Amino acid sequence: MLADEETVLLDNCEHVLEAAARLAEALLGRCPRLRILATGRKALRIGGETLHPVLPLELPPPDAPADRE
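None of these values were measured; they are calculated from a predicted model.

For the protein chain, the count of helices and strands is one helix and two strands. Reading the helices (α) and strands (β) of the protein chain from amino to carboxyl end gives β-α-β. Rg of the C-alpha trace for the protein chain: 17 Å, well past the compact-globule value of 11 Å for 69 residues, more than 25% over. Expressed as lengths along the three principal axes of its C-alpha atoms, the size of the protein chain is roughly 50 × 25 × 20 Å. The contacts of the protein chain with a sequence gap of at least 6 include a subset with a gap of at least 24, amounting to 68%. Mean positive and mean negative side-chain charge positions of the protein chain (8 and 12 charges, respectively) differ by 8 Å.

If you want it as structure tokens, here you go:
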């Protein structure tokens, strides 16, 4: 059972977009103060969704030395 003030992470939602959206809506319907952090390349397109686009990470050049700290 989820408490009202829990946070749920749904990762890589683009692979299961419709199922993730249905799950998020069902959880939010039962726990209105629940927060869901969903990652993916596409929006879930559900009510109350806020998008925060993030730029892709850059890789170092192939000849860069490995950082071993």
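Having put the structure on the table, let's press on.
Moving on, we come to the pairing of strand β1 (residues 7-10). Each regular strand shows side chains that alternate between the opposite faces of the sheet. Side chains Val8 and Leu10 project from β1 onto a buried face, and the interleaved Thr7 and Leu9 project onto a face without burial. Bridge count between β1 and strand β2 (residues 35-38): four bridges; the pairing is parallel. Considered in β2, the bridge of Val8 is made with Ile36. For the crossover from β1 across helix α1 (residues 17-30) to β2, the handedness is right-handed.

We now examine the nonpolar core. Core analysis: the largest hydrophobic core is formed by 11 residues, namely Val8, Leu10, Cys13, Ala20, Ala21, Ala24, Leu27, Cys31, Leu34, Leu44 and Ile46. For this core, the secondary-structure elements that each account for two or more residues are β1 and α1. The greatest single-element share of this core, amounting to four residues, is contributed by α1.

A few words now on α1. Residue pairs three or four apart in sequence face the same way in an α-helix, which turns once every 3.6 residues. For α1, spanning 14 residues, the distance from its first C-alpha to its last is 20 Å, which sits close to the expected 20 Å at 1.5 Å a residue. Those residues of α1 that fall on the buried side of the exposure criterion are Ala20, Ala21, Ala24 and Leu27. Taken down its axis, α1 places every buried residue within 135° of arc, on the same side. Facing away from the buried side of α1 by more than 90 degrees, the exposed set consists of Glu18, Arg22, Gly29 and Arg30.

Bringing unusual backbone geometry into the picture now. We note that Asn12 has phi near 60°; this positive angle belongs to a residue other than glycine. The backbone phi angle of Arg45 is positive, close to 65°, even though this residue is not glycine. For Arg45, the location among the structural elements is in the segment after β2. Among the residues examined, Arg45 registers a relative accessible area of 76% and is labelled exposed.

What counts, and where the lines are drawn
- Residues numbered from 1 in each chain as written.
- Predicted model: local features only at pLDDT ≥ 70, side-chain atom pairs only at ≥ 80, totals over all residues.
- Heavy atoms only, no water.
- Helix = DSSP H or I, 4+ residues; strand = E, 2+ residues; numbered from the N terminus.
- Rg over C-alpha atoms; globule rule 2.2 N^0.38 Å.
- Contact = heavy atoms within 4.5 Å.
- Lys, Arg positive; Asp, Glu negative; His and termini not counted.
- Charge placed at Lys NZ, Arg CZ, Asp CG, Glu CD.
- Buried < 20%, exposed > 50% of the residue type's maximum accessible area, 1.4 Å probe, protein only.
- Pairing = 2+ DSSP bridges.
- Right-handed = clockwise from strand over helix to strand, strands pointing away.
- Core = buried A, V, L, I, M, F, W, Y, C linked by side-chain atoms within 4.5 Å.
- Expected span 1.5 Å × (residues − 1).
- Arc of directions from axis to C-beta.

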